[in-house]
Amino acid sequence: MVAEASRRDFLRSVGITGGAGMLYSAMGALGLAPVPDARAEEYRAPQSGDFALTGRSGRKVVILGGGIAGLATAYELGKAGYDCRILEAKDRPGGRNWTVRDGTTLTDLDGRTQTGSFSKGQYMNAGPARLPQSHVTLEYCRELGVPLQVFTNQNANAYIYHENSAALAGKAIRWRTAKADVYGYVSELLAKATDQGALDTELTAADKERLIAFLQNFGAIKGKADGFAYTGSDRRGYSVEPGAAFEEGTVLGPVPSLSDVVASGVGQRFSFEFGYDQAMLMFQPVGGMDAIPYALARAIGQGRITYGARATEVKDLQDGAEVTYEDAEGRTRTQRADFVVAAIPPMVMARVKHNLGAGITAALKYPVATPVGKIGLEYRSRWWETDEHIYGGITPTDMDLSTIWYPSYGYQGRRGTLIGYYNFGANAVAYSELPHAQRVGRAVSQGVKIHGDKYRTELDHSFSVAWHRTPHIEGGWVGWPSQSGPEYALLNKPAGHVYFAGDWLSHVIAWQHGAFTSARKVVTDIHERVMAG
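Owing to the predicted nature of the structure, the values given are computational and were not obtained by experimental measurement.

Focus on the overall build of the protein chain
Alright, step 1. Of regular secondary structure, the protein chain possesses 17 helices and 27 strands.
Alright, step 2. Overall, the C-alpha framework of the protein chain stretches about 85 × 80 × 45 Å when taken along its three principal axes.
Alright, step 3. With 533 residues in all, the protein chain has 48% of them scored as buried.
Alright, step 4. Here the analysis covers contacts within the protein chain between residues at least 6 apart in sequence; of these, 68% occur between residues at least 24 apart.
Alright, step 5. Put simply, the protein chain shows about 24500 Å² of open surface, and 53% of that area lies on carbon and sulfur atoms.

Structural notes on the sheet that holds strand S16 (residues 320–326)
Alright, step 1. The sheet built from four strands is open, its strands ordered S17-S16-S15-S19 with mixed pairing. Sheet topology places strand S17 (332–337) and strand S19 (353–354) at the edges, where each strand pairs with a single neighbour.
Alright, step 2. Sheet topology note: the strand S15 (residues 310–317)/S19 ladder contains two bridges and is parallel. Following the sheet pairing, Val314 is matched in S19 by His354.

Focus: the sheet that holds strand S2 (residues 83–88)
Alright, step 1. Across the sheet, five strands lie side by side as S14-S2-S1-S18-S27; this open sheet has parallel pairing. Two strands close off the open sheet at either side, each with one partner strand: strand S14 (305–307) and strand S27 (498–500). Direction aside, the axes of adjacent strands within the sheet are offset by 20° on average.
Alright, step 2. Where strand S18 (residues 339–342) meets S27, three bridges bridge the pair, whose relative direction is parallel. By the bridge assignment for S27, Val340 is matched with Val498.
Alright, step 3. Contacting strand S1 (60–64), S2, S14 and S18, helix H3 (residues 68–78) runs over the sheet at an angle of about 170° to S2.

A short note on the packing of aromatic side chains
Alright, step 1. If you walk through the whole model with that rule in mind, you get 24 aromatic pairs.
Alright, step 2. A centroid spacing of 4.9 Å and a plane angle of 65° characterise the contact between Tyr422 and Phe424, whose relative ring orientation is edge-to-face.
Alright, step 3. Taken together, Phe151, Trp405, Tyr422, Phe424 and Trp477 form an aromatic cluster joined through their ring pairs.
Alright, step 4. Note that Lys179 overlies the ring of Phe270, its terminal NZ or CZ placed 5.8 Å from the centroid.
Alright, step 5. It is Arg442 that lies over the ring of Tyr431; its NZ or CZ is 4.8 Å from the centre.

Details of the domain arrangement of the protein chain
Alright, step 1. Each assigned domain of the protein chain is listed here: domain 1 (48–94 + 290–367 + 480–532), domain 2 (99–135 + 280–288 + 370–469) and domain 3 (166–264).
Alright, step 2. Computed from C-alpha coordinates alone, the two centres of domain 1 and domain 2 are separated by 31 Å.
Alright, step 3. The partner domain 2 presents 11 residues to the seven residues of domain 1 that form the contact.
Alright, step 4. For the pair domain 1 and domain 2, the summed buried area comes to about 770 Å², and 61% of that belongs to carbon and sulfur atoms.

So, the UniProt feature "domain: Amine oxidase" (unreviewed entry) in the protein chain
Alright, step 1. The positions UniProt marks with the feature "domain: Amine oxidase" (unreviewed entry) are residues 68–526.
Alright, step 2. Annotated as residues 68–526, this span is 31% helix and 23% strand, and its ends, taken at the C-alpha atoms, are 18 Å apart.

So, empty space enclosed by the protein
Alright, step 1. Within this structure, the stated rule accounts for two cavities of 30 Å³ or more.
Alright, step 2. Volume-wise, the largest cavity comes out at about 150 Å³.
Alright, step 3. At the level of elements, strand S6 (124–125), strand S23 (403–406) and strand S24 (416–424) are the ones that each hand at least two residues to the lining of the largest cavity.
Alright, step 4. By residue class, the composition of the lining of the largest cavity is nine nonpolar, four polar and one charged.
Alright, step 5. Counted as a void, the second largest cavity has a volume near 30 Å³.
Alright, step 6. As for the second largest cavity, its lining consists of Leu491, Asn492, Lys493, Pro494, Tyr499, Phe500, Lys521, Val522 and Asp525.
Alright, step 7. The element contributing the most residues to the lining of the second largest cavity is helix H17 (residues 512–532), with three residues.
Alright, step 8. Tallied by class, the residues present in the lining of the second largest cavity amount to five nonpolar, one polar and three charged.

Details of the side chain of Arg92
Alright, step 1. With respect to the helices, strands and loops of the structure, Arg92 is situated in the loop between S2 and strand S3 (99–100).
Alright, step 2. Leaving out residues up to four positions away in the same chain, Arg92 has contacts with Asn97, Trp98, Tyr294 and Tyr307.

Regarding the pattern of salt bridges
Alright, step 1. Overall, the coordinates contain 33 salt bridges when judged by the stated rule.
Alright, step 2. For Arg236, the salt bridge is made with Asp181, and the minimal N-O distance between the two is 2.7 Å. A residue pair is termed long-range when its members are at least 10 positions apart, and Arg236 in the loop between helix H6 (205–219) and strand S11 (238–240) and Asp181 in helix H5 (residues 175–195) qualify at 55 residues.
Alright, step 3. For Asp181, a relative accessible area of 4% corresponds to the buried category.

Examining the packing of H5 against H6
Alright, step 1. Where H5 contacts H6, the axes come no closer than 9 Å and their chain directions differ by 160°. In terms of orientation, H5 and H6 fall into the roughly antiparallel class. Handedness of the crossing formed by H5 with H6: left-handed. Residues Tyr183, Gly184, Ser187, Leu190, Ala191, Thr194 and Asp195 of H5 form the contact with H6, whose participating residues are Lys208, Leu211, Ile212, Leu215, Phe218 and Gly219.
Alright, step 2. For the contact of H5 with H6, the class distribution of residues is seven nonpolar, four polar and two charged.

Thresholds applied
- Residues numbered from 1 in each chain as written.
- Predicted model: local features only at pLDDT ≥ 70, side-chain atom pairs only at ≥ 80, totals over all residues.
- Heavy atoms only, no water.
- Helix = DSSP H or I, 4+ residues; strand = E, 2+ residues; numbered from the N terminus.
- Buried < 20%, exposed > 50% of the residue type's maximum accessible area, 1.4 Å probe, protein only.
- Contact = heavy atoms within 4.5 Å.
- Areas by Shrake-Rupley, 256 points an atom, 1.4 Å probe, with all protein chains shown as cover.
- Pairing = 2+ DSSP bridges.
- Axes fitted to C-alpha atoms, helices over the stretch in contact; angles between N-to-C directions.
- Phe/Tyr/Trp six-rings, centres within 6.5 Å; stacked < 30°, edge-to-face > 60°.
- Lys NZ or Arg CZ within 6 Å of the ring centre and 35° of its normal.
- Domains from an automatic or database assignment.
- Buried area = accessible area lost by both parts, 1.4 Å probe.
- UniProt positions renumbered as here; feature names shortened; annotations may be inferred.
- 1 Å grid on protein atoms, 1.4 Å probe; cavity = no way out; pocket = protein on both sides within 12 Å on 5 of 7 lines; lining within 4 Å.
- Points joined across faces, edges and corners; volume = space filled by probe spheres on them.
- Nonpolar A, V, L, I, M, F, W, Y, C, P; charged D, E, K, R; others polar.
- Salt bridge = Lys/Arg side-chain N within 4 Å of Asp/Glu carboxyl O.
- Parallel < 35°, antiparallel > 145°, perpendicular 65-115°, else oblique.
- Left-handed = near helix turned anticlockwise from the far one by under 90°.

So this is what it looks like as structure tokens:
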């Protein structure tokens, strides 16, 4: 009886503090209530045995686009014996997953051609460059044998640079220094408010004690006798590093005022590292992001991918579908299949002639392409490491280059390649309107403000990409005015025997995870349809 009473008391306290949901969970843990299995069902690709067991043969599928969504569709359906053929307009797999190296060429929609001249071992990931731990992309890397290495997304030694702020403008501030000052002053203010009774209606006396103790640790602030003042600490960094014998080091100073720290706007940058899909650790394939599409292409079979094939028409038929395309030699060809999967950008697909109806065309035109630009800058020395002790990471700015990325490979090597700008919207459009040489000049003139003249004098090679001016792609990604409207719903359903796939049909737009999950949905839908007869 004592044990039963104790259990009742425990459940009562759980219900009071946590509500009915927590109470029910606790009852389930004690065996007093059924607990539903809320885990998501694990994805299982179709298998060849599926057809063998039902006496059906694999169907033919033509896939428009050899980006991640198209490749994943062919790869997963191929496991069950489907005859998949990919028509890809470019001369390579991957779509926006594109790694630029020596010899890489690009002719944009304005007719301007670049050829990559990076040194051996140097490259830039022109599209996706980092992989969150939670994304299914890592599972494909494991399955396909693509080796990974850490991508440094946040680095305490990188900078924050604002030239248009109300205070501290034009001053490159180390991430660690900015964070120490913001956290320190916020802690000081909250500790003072708590001690002066501003939160008495919210906190008990014990709670206040615990909160102040937390703030002293969190912000490195003084005790009550010193007014909980933030006066700086070694968290800001050192102007002279601690060393041997009597070298204690010199803590970086002076500490800017609370008003200046707030007016500088540096604290607005920290939310980046809290983002679910931006939190460390992150990863990248060894040797370039395009290791993923090339591994998929090998697994699918190179003979199943036709490069230089630009789709010109898609027809839904009573018993299947038909694609007309122009091959690399300019000849018009036609392929029939049981199903077609359009895994190309919606704004591109909207211009392909079809008989799927005006509603489909309108839906394809509904999402809006986002202008995105990137530039890779190869330097003769890794001065950011030797002179500034920055090993990977990102420096955000309020300039038109937006961010500078330091490479997460080749540490302490002779050469290195930065991402000199990764920008969006109006800034990306402004850069894209310039010839490549002028893009370089503009980006370098901005970077010099942060890193000094070596940002110019050590530069050796460069390559720039404007995704919204790149043939067959025409945008970095798309944004939907609404993903709860009829347009999004329509494209997530088949139009007869024609399906649509891509990161743009997911809630993880601009990530390869979105493309993979969209492909898996379409694969599942097609396979279930075939199995249902």
